[in-house]
Structure formats: C-alpha cells, structure tokens
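# Results of the structural survey
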Amino acid sequence: MQEFQVYPTYEHLSRAAADVVVSTLQGKPNAVICLPSGSTPVGMFRELILRHEQGLADFSQCTFVGLDEWIGMGPEDEGSGRQLLDRDFLHPIGFRPEQILFFDARAENLQAECERLNGAIEQLGGLDLIILGIGMNGHLGLNEPGTSFDTYAHVSELDPITIEVGQKYFQGPTPLTGGVTLGLRHMMEARRLVLMASGEAKAPVIARALKGEVTEAFPASLVQEHPDAWVLVDADAASAFL
Ligand code: PGA
C-alpha cells in the first residue's frame, strides 16, 4: 500500500479523489478507469463534473469501465448500478456510448458476459485506475467475503449483508438475487487503486481492511498487498483506525 490519507470532511475527500482521476488523465488521456456507483463516489463525481464544465478535466479520450451490477437490472431500472452511474456522472459529462464498458446484467449467459468484459479490459491493456468503495462486510465491488483473490469478472452470490445494505439504492423493498462484478484480480492488476470511505459506519471496516489480516474472508484487506493503493477517507471513517 502506498498512501493512507484522512480528510476533515466528505467534501475534502471527494476533491482529493477527483484529483487522482484528473492527474491520471493528465498523464494518460486515454486511460482506462473503472468507476463504482453507489453513495461514496457521488461527491467525487460532482467535483469531476464541475472541473469538466470549467475545462479542467478532459474525459474525451478515456474509457470508463463499470464495476458491478445487480443481476437482471439495466439502465432503466431505478437504483441499478448503471442508472446511478449514468445519473451521477456519465450523462452530466456527455460521454459517448463507445467510451463505456459495462456489464449487461440482463444477458441470458452471464458467464459469457463476464468473459466479454474480461476480454475487453485485456484488449485495452488493463485498468489504469480503479476507484472503489467498501461494503459493510468488506466487499469490493460485489466480491463478497470468501471470493478468491485470483478471480476476474464473475457472477457473484450475494452476502445477506449486501442484500440488506443494498436496499438503500431502491425506493422500495427490492429482491437482489445476485451480481456480476469485476474480480479481485482486476483490482490487484489495476495500475492504481483508490479505496474511498466516508462516515462513521465505515470506520470498523476501514480499520480491518488496513490493520487486519490479509484474507479472502475480508476482500478489502487486499489493499495491503496492492503496490499502488491509495486509501482516502474522511475523519469519521478513520475514527476506528487512528
Ligand atoms: P456505498 O457502497 O458507496 O454506497 O456505501 C459501497 C460498497 O458497498 O461497495
């Protein structure tokens, strides 16, 4: 691991994460960047949109890869990973469809869909940057506890904690039956990994990810092994660590 940074507020954290994205693009305008959906990156997206509007960030040549999706859901489904990413980032920056690589989680053959993503990422030369949140069970993407560090994109059986916490993205109770996700090996092989966390609820999982044993039972512990991982958190999320 390279960096552990604590920021006073979520806004500071969001700006710092946006800085990493922008500096990656300055070094490599056609970078391949994997983005999560969900609550944590919303502030970073807001900041990136602002910089784009001000002419300070150029997304015109890069490729975005979506991290994960709930099985059976697509862009029209309220609360799906793709819908959140479209709403929070891709539509505001006016992306071109060919710039995004995203799971079709409604595909009949999900295995083939995972292989499509694996092949496309390989063809692009791998991920230059992956931005991640952390789940309340230590998951990264939908790599649930017990997932081998050696997997690429795969179909994921959801942990009960993920099914429960995942309800926050939907307006009413929603059955979540599984997921498709980039694998932990994608994360290890990404040239740079940024793990973001905000809020007191995330404090215990951040402490365990950074100080606990490196184990497949707690996927986020993988950041300790990554040669260029930056863990960026706000003060609340750091409160069990310091
Ligand atoms: P969140 O999700 O950013 O919505 O908290 C993180 C995760 O479950 O990976």
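You'll find the structure just up there.
A brief structural summary. (Residues numbered from 1 in each chain as written. Predicted model: local features only at pLDDT ≥ 70, side-chain atom pairs only at ≥ 80, totals over all residues. Heavy atoms only, no water.)

### Re the overall build of the chain
Per the secondary structure count, the chain includes 7 helices and 10 strands. Relative to the globule expectation of 18 Å for 242 residues, the C-alpha radius of gyration of the chain, 16 Å, shows essentially globular dimensions. Along the first, second and third principal axes, the C-alpha atoms of the chain reach 45 × 45 × 35 Å. Per-residue burial for the chain yields a buried fraction of 55% across its 242 residues. Contacts in the chain between residues far apart in sequence, at least 24 positions, make up 79% of those at least 6 positions apart. By element, 49% of the accessible surface of the chain is carried by carbon and sulfur atoms, the whole surface being about 10,400 Å². Averaging the locations of the 16 positively and 33 negatively charged side chains of the chain gives two centres separated by 5 Å. (Helix = DSSP H or I, 4+ residues; strand = E, 2+ residues; numbered from the N terminus. Rg over C-alpha atoms; globule rule 2.2 N^0.38 Å. Buried < 20%, exposed > 50% of the residue type's maximum accessible area, 1.4 Å probe, protein only. Contact = heavy atoms within 4.5 Å. Areas by Shrake-Rupley, 256 points an atom, 1.4 Å probe, with all protein chains shown as cover. Lys, Arg positive; Asp, Glu negative; His and termini not counted. Charge placed at Lys NZ, Arg CZ, Asp CG, Glu CD.)

### Points about the pairing of strand S3 (residues 63-66)
Residues Thr-63 and Val-65 of S3 are buried on one face, and the alternating residues Phe-64 and Gly-66, pointing to the opposite face, are buried as well. Summarising the sheet, strand S2 (residues 32-35) and S3 pair through 4 bridges and their orientation is parallel. For Ile-33, the partnering residue across the bridge sits in S3 and is Phe-64. In the sheet, S3 pairs with strand S5 (residues 100-101) via 2 bridges, with the strands oriented parallel. (Pairing = 2+ DSSP bridges.)

### A look at the environment of Leu-195
For Leu-195, the location among the structural elements is in strand S9 (residues 192-197). For Leu-195, a relative accessible area of 0% corresponds to the buried category. Through-space distance from the C-alpha of Leu-195 to that of Leu-140 is 9.0 Å; in sequence the pair is 55 residues apart. Apart from residues lying up to four places away in sequence, Leu-195 is in contact with Leu-132, Gly-133, Ile-134, Leu-140, Ile-206, Val-223, Trp-230, Val-231 and Leu-232.

### Here's the deal with the sheet that holds S9
Across the sheet, 7 strands lie side by side as S1-S10-S9-S6-S2-S3-S5; this open sheet has parallel pairing. Because the sheet does not close on itself, it has two edges, and the strands there are strand S1 (3-7) and S5. Where S1 and strand S10 (residues 229-234) come together, 5 bridges link them in parallel fashion. Looking across to S10, one finds that Phe-4 is bridged to Val-231. Contacting S1, S2, strand S6 (129-132), S9 and S10, helix H1 (residues 10-27) crosses the sheet at an angle of about 155° to S10. (Axes fitted to C-alpha atoms, helices over the stretch in contact; angles between N-to-C directions.)

### With respect to the site of the ligand
Near the ligand, the surroundings consist of Gly-38, Ser-39, Thr-40, Gly-133, Ile-134, Gly-135, His-139, Lys-168, Tyr-169 and Lys-202. In this structure, an oxygen atom belonging to the ligand sits 2.5 Å away from a side-chain N or O atom of Tyr-169. Here the ligand has 280 Å² of accessible area as a free molecule, and 87% of this is covered by the chains. Looking at the shell around the ligand residue by residue, the class counts come to 2 nonpolar, 6 polar and 2 charged. (Near = heavy atom within 4 Å. Polar contact = N/O pair within 3.5 Å; in protein donor to acceptor, adjacent residues only side chain to side chain. Nonpolar A, V, L, I, M, F, W, Y, C, P; charged D, E, K, R; others polar.)

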